[in-house]
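# Fold and geometry: a report
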Amino acid sequence: MKTETKTVLVSGFGSIGQRHVSILREMGQKVHVFSRRKLQKEEYYQNLEVASIEVNPEYVVIANETSEHDSALKTALSFEIPKILVEKPLFSTSIENLTVNPKSQVCVAYNLRFHPLLQRLCSEIKEQIVLSVQIYVGQYLPDWRPQQDYRKSYSASRAQGGGVLRDLSHELDYINWLFGPWQAISALGGHYSSLAGDSDDVFCLLLKMENCPAVVLQLNYLDRTGRREILINTDQHTYRLDLMKQEFSRNQEHVSSYSLEKDETYRNQHTDMLNNNGKLCCSLQEGLDVLRLIDAAEKSAETETWQKNQHLR
C-alpha cells in the first residue's frame, strides 16, 4: 500500500533519530528535525515548540533520550499532533497521571511486533494453549554500537534510562502482546559485571501471564556472541525462534528462514502509523504497562518478593 506524503517532525537526532529520518525520507515523507545539539549537515530546529508551530506536523517521532520523552510528548500533545510515535521505552519511570489529548494517536516504537517471525508465531499459537515460554536476549554492550564509546552511552547510565530492562524492553512488550497481560513477577537483577556505568546489566524474570502460566526471561549486556531466542511449548507443538539467524522451527522441523532487511520492521511500523493509525503498534496504555512491569521487576529484585499487577481489570 502506497503511503501518502505527510509532514513529519523527528525529535532527537542521535543514532535512532537519524535512522527514523532516513527511513521516513526514503518512504517519501517530508521530514523536519528538532535537536538541541548543533548539526552540521542537517537543517533543524533547536526549540520543539517553535518547530511544532512552524512545521505543523501531522506525525511526530520522539527519538531523543528516554529521560526527555515525557516533556517532548507533553509538548506534542499540547499541539494536538494527530499521530505520535515515542521510542521505547515510553519513559524512564512509570507515569500514571498522563493527560492524553483524544485528538492524538500515541504509540510506542516496539518495532519487533513487525518482525515476520513473531507475526507468524502470533498467528500459529492463536488457537493453542501455551504451557511454557523461555526467552533469552543478550548482547555485549561494548560491541553494541561500535561507532560510540559505550561508557558515554545512555545504556550505561541508569539516570539516562539505560539498563537491560529498558534497553531490551522489546521482550517485555512482546510477551505482553503474545501471552499477556502479565499477572505476577519474581525477578533477580542488577549491575553484576565489571562494565562501566551503574545500569543493570543482567535481569532474570519469572512471570505468570494471563495466557501462559510460566514465562522465563533473561536479558543481559554480557553475551559476546549476541543471541535473541524464544522457545515455546504449547499443547500441540514446540516452537523455536532465533531472531538473530532469522529461523523458525516447529517441533523438530525447520519451517522457514527469513532474510530480514535491516530497516524492514521500522518501515512497517511507520507504515502502520501513517496508514492504519498504529493498529498493530504498541498502544500508549500497553507502553505504560511495560513500565509497570519494569517497576515491578526492580521492586521484586530489591525486596526478593513476588509482585502482582495491580492494574488488571
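The structure this text deals with has already been given above.
Residues numbered from 1 in each chain as written. Predicted model: local features only at pLDDT ≥ 70, side-chain atom pairs only at ≥ 80, totals over all residues. Heavy atoms only, no water.

### Notes on the overall build of the chain
Rules: A run of H or I in DSSP counts as a helix once it spans at least four residues, and a run of E counts as a strand once it spans at least two, with each numbered from the N terminus. Radius of gyration here uses only the C-alpha atoms, and the compact-globule reference equals 2.2 Å multiplied by the residue count raised to the power 0.38. Only protein chains enter the accessibility calculation, which uses a 1.4 Å probe. A residue is then buried if its area is under 20% of the maximum for its type, exposed if over 50%, and partly exposed in between. Residues are treated as being in contact if the distance between any of their heavy atoms lies within 4.5 Å.
A tally of helices and strands in the chain yields nine helices and 15 strands. The globule rule puts the C-alpha radius of gyration for 313 residues at 20 Å, and the 19 Å found for the chain is close to it. With the principal axes as the frame, the chain shows a C-alpha extent of 55 × 45 × 40 Å. By residue count, 53% of the 313 residues in the chain fall in the buried class. Within the chain, contacts between residues separated by at least 24 positions form 65% of all contacts whose residues are at least 6 apart in sequence.

### Quick look at the sheet that holds strand S13 (residues 253-257)
As a general point, the strands of a sheet are linked pairwise by backbone hydrogen bonds and lie either parallel or antiparallel. Rules: We call two strands paired when DSSP finds no fewer than two bridges between them. Fitted lines through C-alpha atoms give the axes, limited to the stretch in contact for helices. The angle between two N-to-C directions lies from 0 to 180 degrees.
Strand order in the open sheet formed by nine strands is S13-S12-S11-S10-S6-S9-S8-S7-S15, with mixed pairing between adjacent strands. The strands lining the two open edges of the sheet, one partner per strand, are S13 and strand S15 (307-308). Bridge count for strand S11 (residues 238-242) against strand S12 (residues 247-250) is four bridges, and the pairing is antiparallel. In the sheet register, Asp-242 faces S12, and the bridge partner there is Glu-247. Each of strand S10 (227-234), S11, S12 and S13 is contacted by helix H4 (residues 116-124), which is oriented at about 20 degrees to S12, the strand it contacts most. The strands touched by helix H9 (residues 284-303) within the sheet are strand S7 (182-190), strand S8 (202-209) and S15, with S7 carrying the most contacts at an inclination of about 55 degrees.

### Here we look at the nonpolar core
Generally speaking, soluble globular proteins have nonpolar side chains that are buried together. How we decide: As used here, the term nonpolar core means buried Ala, Val, Leu, Ile, Met, Phe, Trp, Tyr and Cys residues forming a set that is joined through side-chain atoms within 4.5 Å.
By size, the foremost hydrophobic cluster in this structure holds 67 residues, and its most contacted members are Phe-179 and Leu-205. Ranked by the residues each element gives to this core, the list is headed by H9, at eight residues. Excluding residues within four positions of it along the chain, Phe-179 makes contact with Ile-125, Val-130, Val-133, Tyr-174, Met-209, Glu-210, Asn-211, Cys-212 and Ile-232. Counting 21 residues, the second largest nonpolar core, distinct from the first, contains Val-10, Val-31, Leu-85 and Phe-114.

### Things to note about the packing of aromatic side chains
Counted only if it meets this: A pair of Phe, Tyr and Trp rings is counted when the ring centres sit within 6.5 Å of each other, with Trp represented by its six-membered ring. The angle between the planes then sorts it: under 30 degrees is stacked, over 60 is edge-to-face, the rest tilted. Think of it as a cone above the ring: NZ of Lys or CZ of Arg counts as a charge over the ring if it is within 6 Å of the ring centre and within 35 degrees of the ring normal.
Tallied over the full model, the rule gives two aromatic pairs. Residue placement shows Arg-224 over the ring face of Tyr-140; its charged tip is 4.1 Å from the ring centre.

### Points about the sheet that holds strand S4 (residues 83-87)
With respect to topology, six strands assemble into an open sheet ordered S2-S1-S3-S4-S5-S14, the strand pairing being mixed. Of all strands in the sheet, those with a lone pairing partner are strand S2 (30-34) and strand S14 (282-283), marking the two edges. Where strand S1 (residues 7-11) lies against S2, five bridges are found, and the strand directions are parallel. Note that in S2 the partner of Leu-9 across the bridge is His-32. Each of S1 and S2 is contacted by helix H2 (residues 48-55), which is oriented at about 175 degrees to S1, the strand it contacts most. Sitting on the sheet, helix H3 (residues 69-78) touches S1, strand S3 (59-62), S4 and strand S5 (105-109), and the angle it makes with S4 is about 180 degrees.

### Quick notes on the pattern of salt bridges
Basically, it comes down to this: Each salt bridge in this description consists of a side-chain nitrogen of Lys or Arg and a carboxyl oxygen of Asp or Glu lying within 4 Å of one another.
As enumerated under the stated definition, the model contains 22 salt bridges in all. Two residues, Arg-120 and Glu-124, come together in a salt bridge whose shortest N-O distance is 3.3 Å. With Arg-120 and Glu-124 both in helix H4 and four residues apart, this pair spans about one turn of that helix. Residue Arg-120 is classed as partly exposed on the basis of its relative accessible area of 31%. Take Glu-124: its relative accessible area is 21%, and that puts it in the partly exposed class. One salt-bridge network, in which partners are shared between bridges, spans Asp-223, Arg-227, Glu-229, Arg-240 and Asp-242.

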